[in-house]
Amino acid sequence: PEKSTLAPKAVVFFDFDSSVLNTEAKEELLKSLAGLSEPLVISAYTDDVGSDDYNANLREERALAVKDFLVNELKISESQIKIVQGKEMDLKDQFLARRVEVR
């Protein structure tokens, strides 16, 4: 199956209007992805607050924050990481929309 349709190996959440990985997010990535050497796919999501352009930039910043952490802290090769387009989520719980999934 297409990698982007598989269940995520890790999901991390971001504060409102932020692309900074907090301690909990870093711990989740370390716990879930340490030692992996297979290709990974990152998709970032935002809530529906803000303009389309703003949210597209925020999704990209969130995806890059996770990618940088994987490369710098977990020593995963950049060539093993692909970022795919996430989307704006219209969820009742806006916190759940502010996430990045790694598959």
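For the structure given in this document, a descriptive report is provided here. (Residues numbered from 1 in each chain as written. Predicted model: local features only at pLDDT ≥ 70, side-chain atom pairs only at ≥ 80, totals over all residues. Heavy atoms only, no water.)

**A few points about the sheet that holds strand S3 (residues 81-84)**
The four strands lie next to each other as S1-S4-S2-S3, forming an open sheet whose pairing is mixed. Each edge of the sheet is formed by a strand with only one pairing partner; in this case those strands are strand S1 (10-13) and S3. The mean angle between the axes of side-by-side strands here comes to 20°, regardless of whether they run parallel or antiparallel. The sheet contacts of helix H1 (residues 23-33) involve S1 and strand S4 (99-102), and relative to S1 the element is tilted by about 175°. Against the sheet, helix H2 (residues 52-72) engages S1, strand S2 (40-44), S3 and S4, with an angle of about 150° to S2. (Pairing = 2+ DSSP bridges. Helix = DSSP H or I, 4+ residues; strand = E, 2+ residues; numbered from the N terminus. Axes fitted to C-alpha atoms, helices over the stretch in contact; angles between N-to-C directions. Contact = heavy atoms within 4.5 Å.)

**Details of the packing of aromatic side chains**
By the definition in use, this model includes zero aromatic pairs. The ring of Tyr45 carries the charged tip of Arg99 above its face, separated from the ring centre by 4.5 Å. (Phe/Tyr/Trp six-rings, centres within 6.5 Å; stacked < 30°, edge-to-face > 60°. Lys NZ or Arg CZ within 6 Å of the ring centre and 35° of its normal.)

**Notes on the side chain of Lys67**
Note on placement: Lys67 falls in helix H2. In this structure Lys67 touches Ile42, Glu78, Ile81 and Ile83, once residues within four positions along its chain are discounted.

**Overview of H1**
Buried within H1 are the following residues: Ala25, Leu29 and Leu33. Take H1 and look down its axis: the buried residues cluster within an arc of 40°, on one side only. Facing away from the buried side of H1, by more than 90 degrees, are the exposed residues Thr23, Glu24 and Lys31. In this structure, the buried side of H1 is in contact with S1, H2 and S4. (Buried < 20%, exposed > 50% of the residue type's maximum accessible area, 1.4 Å probe, protein only. Arc of directions from axis to C-beta.)

**What to know about the environment of Lys87**
Of note, Lys87 is situated in the loop between S3 and helix H3 (94-97). What Lys87 contacts, discounting residues up to four positions off in sequence, is Ala44, Tyr45, Thr46 and Arg59.

**What to know about the pattern of salt bridges**
Close approach of charged atoms allows side chains with opposite charge to pair. Under the definition given, this model contains six salt bridges. Of the charged contacts in the structure, one is a salt bridge between Lys31 and Glu28, with a shortest N-O distance of 3.4 Å. With Lys31 and Glu28 both in helix H1 and three residues apart, the pair spans about one turn of that helix. Take Lys31: its relative accessible area is 65%, and that puts it in the exposed class. Its relative accessible area of 22% is what places Glu28 among the partly exposed residues. Across the pair Arg103 and Glu101 runs a salt bridge whose closest N-O atoms are separated by 2.4 Å. Comparing Arg103 with Glu101 shows no difference in burial state: the two are buried. (Salt bridge = Lys/Arg side-chain N within 4 Å of Asp/Glu carboxyl O.)

By themselves, these are just geometric observations and shouldn't be taken as functional.
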